[in-house]
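Coordinate analysis (summary)
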Amino acid sequence: MPQVFLNELSCQGYVSSDNIESSISELVACLKELKKRNVSCVYTHLRLDEIKITQTLNINRLVSSRTTYIDDDMRNIVLGFFSVSYPIQMHIDDAMVIGGYVNNKNALGLTIASDAVKKEFALSFSNTGWDNDLYQINITRLNEQGDTLQSTATARNITCTDHFDIHKNYLPLPPEIVPNNGKILSIMLPELFPNLVFSSLANKYLKGCTSGETVRQIYTKLKELQDVAINLGMRSFDPDMFKSLASPESETRDRMAELDIQFNDGIVRHCSWHLRYTPGAGRIHFSNDKGKENTIYVGYIGEKINP
């Protein structure tokens, strides 16, 4: 499993007030990408109140107070990754490294992540001047005779989601596991599709679906819906948003009462828009009416609705 070490030089309060929101959003996006790669924490010796975004806003204040910069989902992600401090100095000692420097600054996190020590990854806050995907570290270390040696090392760094593509050979996504049983897929819905909300009707169909091929087709279409939802905002649907054919029902079929579906929040939403899947005439009906930003409500999964 990959290990990620915080570049403490990037979290000393450098972010300007104009860039706070974008820096936090980029941080959370990077943490989500790390989670996909089975990384569950960022190693650092710093306490939460020592990890500064601005001079007055640290991670502890960010996750413990209600601010406009972060919602509950983002708060839980940040807290999960930074909840524990670690004695990371031991990695330096084990490698007989006295110190590592970037621009004459002692760079503990980058040094540990470098190929002189752990050959892993550093994580830096954005908008702090630490935006490169690679850094050269000036290393001072001891040999077995106790002599001081000078050398250089390279550290792979992550500051934005684009860096995951650059480092993809070293930090790949795990193989995608596609459920082939509807009951299993229904259990995994919140984890696989966090931007989709499912009605009891849609969930009931999934739990009773035993055809592996049908479940895989449904999974593929739901994944497409998830990709659309992430960037949807509060916009209306447009066919160009989708990779496959998506459309509302015809004017005649749009009057069907079966398209008005109640969700667990008590709201009835008109789910005219739909994706198709095979085998058979499978349909996934959905809506974004009366809901949250970047959220799609899946009301119906099953064979084509006939009034």
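Now for a description of the structure that goes with this document.

A few words now on a nonpolar patch on the surface. On the surface, M96, I98 and L142 cluster together into a nonpolar patch covering about 240 Å² of accessible area. Along the polypeptide, I98 turns up in strand β2 (residues 97–102).

With that out of the way, let us pick up the nonpolar core. Counting residues in hydrophobic clusters, the biggest one holds 33 residues, and the most contacted among them are L31, L34, I59, F82 and L123. Mapped onto this core, the elements with two or more residues apiece are β1 (4–6), α1 (20–36), α2 (59–64), α3 (72–82) and β4 (121–123). With seven residues, the top contributor of residues to this core is α1. Excluding residues within four positions of it along the chain, I59 makes contact with L27, L48, I51, I53, V78 and F125.

Sheet strands pair via backbone hydrogen bonds, and the direction of the pair is either parallel or antiparallel. Read across the open sheet, the five strands follow the order β7-β13-β12-β11-β8; overall the sheet is mixed. One side of each edge strand has no neighbouring strand; the edge strands of this open sheet are β7 (196–198) and β8 (246–247). Inspection of the sheet shows strand β11 (residues 273–277) paired to strand β12 (residues 282–287) by five bridges, in the antiparallel sense. Among the inter-strand pairings, L275 is bridged to a residue of β12, identified as I284. Against the sheet, helix α8 (residues 200–208) contacts β7, β11 and β13 (296–303), and its axis sits at roughly 45° relative to β13.

With that settled, the discussion passes to the state of the cysteines. Throughout the structure, instances matching the rule amount to zero disulfides. Here C30 is not cross-linked by a disulfide; its sulfur's nearest cysteine counterpart is in C160, at 6.4 Å. Considering cysteine sulfurs only, C271 is the nearest to C209, which forms no disulfide, with 19 Å between them.

Within the secondary structure, S186 sits in helix α7 (residues 182–192). Among the polar contacts made by the side chain of S186, one reaches the main-chain carbonyl oxygen of K183 at a distance of 2.6 Å. Filtering out sequence-adjacent residues up to four positions away, S186 remains in contact with N203, L206 and K207.

Across the sheet, which stays open at both edges, the six strands sit in the order β1-β4-β6-β5-β2-β3 with mixed pairing between neighbours. Each edge of the open sheet is held by one strand with a lone partner, namely β1 and β3 (105–106). When strand β5 (residues 134–142) meets strand β6 (residues 148–158), the two strands line up antiparallel, connected through nine bridges. For Q136, the partnering residue across the bridge sits in β6 and is T154. Contacts from α1 reach β1, β4 and β6, with the element oriented near 150° to β4.

We now examine the pairing of β13. When you tally the buried positions in β13, you get seven out of eight residues, the bulk of the element. Bridging between β7 and β13 involves three bridges; their strand directions are parallel. Residue pairing across strands places F198 opposite V298, the latter belonging to β13. Sheet analysis places β12 next to β13, joined by six bridges and oriented antiparallel. Bridged to H285 within β13 is Y300.

What counts and what doesn't
- Residues numbered from 1 in each chain as written.
- Predicted model: local features only at pLDDT ≥ 70, side-chain atom pairs only at ≥ 80, totals over all residues.
- Heavy atoms only, no water.
- Patch = residues over 30% accessible without salt bridge, like charges linked within 9 Å, V, L, I, M, F, W, Y side chains within 5 Å.
- Areas by Shrake-Rupley, 256 points an atom, 1.4 Å probe, with all protein chains shown as cover.
- Salt bridge = Lys/Arg side-chain N within 4 Å of Asp/Glu carboxyl O.
- Helix = DSSP H or I, 4+ residues; strand = E, 2+ residues; numbered from the N terminus.
- Core = buried A, V, L, I, M, F, W, Y, C linked by side-chain atoms within 4.5 Å.
- Buried < 20%, exposed > 50% of the residue type's maximum accessible area, 1.4 Å probe, protein only.
- Contact = heavy atoms within 4.5 Å.
- Pairing = 2+ DSSP bridges.
- Axes fitted to C-alpha atoms, helices over the stretch in contact; angles between N-to-C directions.
- Disulfide = S-S within 2.5 Å.
- Polar contact = N/O pair within 3.5 Å; in protein donor to acceptor, adjacent residues only side chain to side chain.

None of the figures reported here should be taken as evidence of function without further support.
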